[in-house]
Amino acid sequence: MAEENNLNEIFFLSYKGTSETLQEGIETLACMGGDGQMYLLMGDSLYSIDWEGGEVVVLVDSASDRKLVVNDSQTAVAWEIGQNAGSVQILYLDNGDSQLMEADTGDRISPQGFIGEDCILGLSHEEDTAVSGALSVNPYYAIVIKERDGAEAARYEYEDIYIASVTVDGDQVILERLKKDSEGGFSSTDSDTLIQSNPETTESMTVLASRTEEEKLRTWTLSAGASSRETEYRAPELVSYAAGDSLSLPTISEEGMSLRYYAFGEGDLKAVTSSAGSAIAAVYETMGTVIDSAGQLVWIRTGRDVSAELTLAESTAVSSSEALENCLEQILFVEGLEETLLNDLDTTGSSLDIPQALFPDRVLNLSGCTVKALLYYIDRGCPVLLQDREGTVLLLVGYDQYNVTCYDPTQGSTYKLGQQDAADYLESGDFHFVGLLPSE
C-alpha cells in the first residue's frame, strides 16, 4: 500500500513446472486486466485469476497448439477455437471485450500476431493441404488485419500466391510466399513485406531492467530519464509475505500437448521453440544444449566422437515411389525392430508424420539446423531422414573428419560427400531433416 509505504503479498501461486517454462510464460503474458482479473500464461495454459475471490479459471489450454498470440503491450490475445481452426477468439485484456472471427465454410483461420491491437489473421482453404517435402502444409491464401472494432484494416491476397509463414516485426509483416503448380503442389517464391502504418503507436520505454552479476545475483535498475534529480526514490519500510491467500492452478492433463524445446548457451536460455531444429540452430555456435519440456536431452554440441558409421541392412535399388518406405525399413533395422511394423502403416502422409506411428514421442523436426549439428544423432545411433520438396529421399548414416555418408534408396547403396559439399547441398533450404530422439 503506497500510503503506508508497505509492500504486501496479495496472494501466493505455487508452480511445479520447470523454471524455463515459467520464465517463458511470464515474459509472454503476466498482467492485471482492466476488469480486475490477472492474466497469466504458465505451462502452456492461459489463466484468469480473480485474486479477490480466490478463483483461478483456465481460459486456454494447449496454448501453443491453439496458436495463441499476445501483443507487445499485453493488452490483447488471440487463439484458435473449434475443430479444424474454424474460428479465432480475440480478447482485449484492458476491459474484457472480445471478438469471434469465423472462417467461411471449407476454410480455416489462424492468428498470426498483432500490430498494436490490430490482429493479423491467416485464411486458408482446407482443400489446399498438400505434402511438401517432409511436411504437410496448408498455406494461407490471404492475410487480413482486423482492427479492434472488427473493421478490416488491410488485406493481402493475390491469385496463385500463397503464404507459408508470417513474421511480425514492429509495424512490418514479413510474408514467406509459395506458388501453387498445376498438380496442386507448392514451391517457394520471393518473400514480401506488408507495412501497417499506425499513427497511434508510441514508443515504449523500458522502466525496469535487469542484469546478472558475477556472484549470480540479479540486480534490478530503474531508468528515471532526464528528470532524475527531481525523482523521489522510496523503498518499502515493511515487506509482508504470507499475508495473502495461497491459490492453486487447476490440474491440466499434458497428454497430447506439443513439446517445447529450450535452447541453452553460455549459461542462459537463448530460445524457446516448437521445433528441435530451430532450437539447435539458436545455440549451435555457443556450444549449447537443447532439452524439451518433458526434461529430455534433445541435443548437445560437445562429446561427439570424431567418426561414426551405422550398419544398414542389405538392400537393392528401389523406385522413387518406394524410397521413403525403404528408408523407414533401414531405420527399423538400425533400431533392431521388425520390418513387419510397416505392413499396416499408412504411408500417404508426410515423412514427418509417418514415423510418429513407428516411434511415438521420439520423432524430431530437425529442419533449420546445420549438417554438422545432425551428426550428433548419428553418433547416438540414429539415422537422419532427409527429404526435399521434390520428393528426393536420403538417409544420413555416417561421418568422419572430412565426409558424411548418405544412403540412397534408389541405388540401394551408400556414398560419401565432403562435409562442405553436403552443407551446400542439404542446407539450401529445399531439404527437411527428420530425426529420432536417442533412446536410453
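For the structure itself, look to the data block above.
Structure report, in brief. (Residues numbered from 1 in each chain as written. Predicted model: local features only at pLDDT ≥ 70, side-chain atom pairs only at ≥ 80, totals over all residues. Heavy atoms only, no water.)

## Things to note about helix 1 (residues 19-28)
Okay, step 1: Residues Glu-20, Thr-21, Glu-24 and Gly-25 constitute the buried set of helix 1. One face of helix 1 carries all of its buried residues, which in axial projection span an arc of 130°. Residues of helix 1 that are exposed and point more than 90 degrees away from the buried face comprise Ser-19 and Glu-27.
Okay, step 2: Buried residues belonging to helix 1 abut strand 4 (38-42), strand 25 (261-265) and strand 26 (268-273). (Buried < 20%, exposed > 50% of the residue type's maximum accessible area, 1.4 Å probe, protein only. Helix = DSSP H or I, 4+ residues; strand = E, 2+ residues; numbered from the N terminus. Arc of directions from axis to C-beta. Contact = heavy atoms within 4.5 Å.)

## Considerations on the pattern of salt bridges
Okay, step 1: Tallied over the full model, the rule gives eleven salt bridges.
Okay, step 2: Residues Lys-67 and Glu-80 are paired through a salt bridge, measuring 3.9 Å at the closest nitrogen-oxygen approach. Of this pair, Lys-67 sits in the loop between strand 6 (55-60) and strand 7 (69-70) while Glu-80 sits in strand 8 (residues 76-81); the two residues are 13 residues apart in sequence, bridging distant segments of the chain.
Okay, step 3: Residue classification places Lys-67 among the partly exposed residues on the basis of a relative accessible area of 39%. (Salt bridge = Lys/Arg side-chain N within 4 Å of Asp/Glu carboxyl O.)

## Considering the environment of Ser-45
Okay, step 1: Tracing the chain through its elements places Ser-45 in strand 5 (residues 45-50).
Okay, step 2: We classify Ser-45 as buried; its relative accessible area is 1%.
Okay, step 3: A sequence separation of 17 residues divides Ser-45 from Ser-62, and the C-alpha atoms of the two residues are 5.9 Å apart.

## Quick word on the packing of helix 5 (residues 371-379) against helix 6 (residues 419-426)
Okay, step 1: One way to put it is that helix 5 packs onto helix 6 with a least axis distance of 10 Å and a crossing angle of 105°. As judged from the angle between their axes, helix 5 and helix 6 are roughly perpendicular. Contacts between helix 5 and helix 6 involve Val-371, Lys-372 and Leu-375 from the former and Gln-419, Ala-422, Ala-423 and Leu-426 from the latter. (Axes fitted to C-alpha atoms, helices over the stretch in contact; angles between N-to-C directions. Parallel < 35°, antiparallel > 145°, perpendicular 65-115°, else oblique.)

## With respect to the sheet that holds strand 7
Okay, step 1: Spatial ordering of the open sheet is given by 7-8-9-10, a layout of four strands whose pairing is antiparallel. The open sheet terminates on both sides in strands that have one partner only, identified here as strand 7 and strand 10 (98-102).
Okay, step 2: Sheet topology places strand 9 (residues 87-92) next to strand 10; five bridges connect them, and they run antiparallel. Across the sheet, the residue bridging to Val-88 is Met-101, located in strand 10. (Pairing = 2+ DSSP bridges.)

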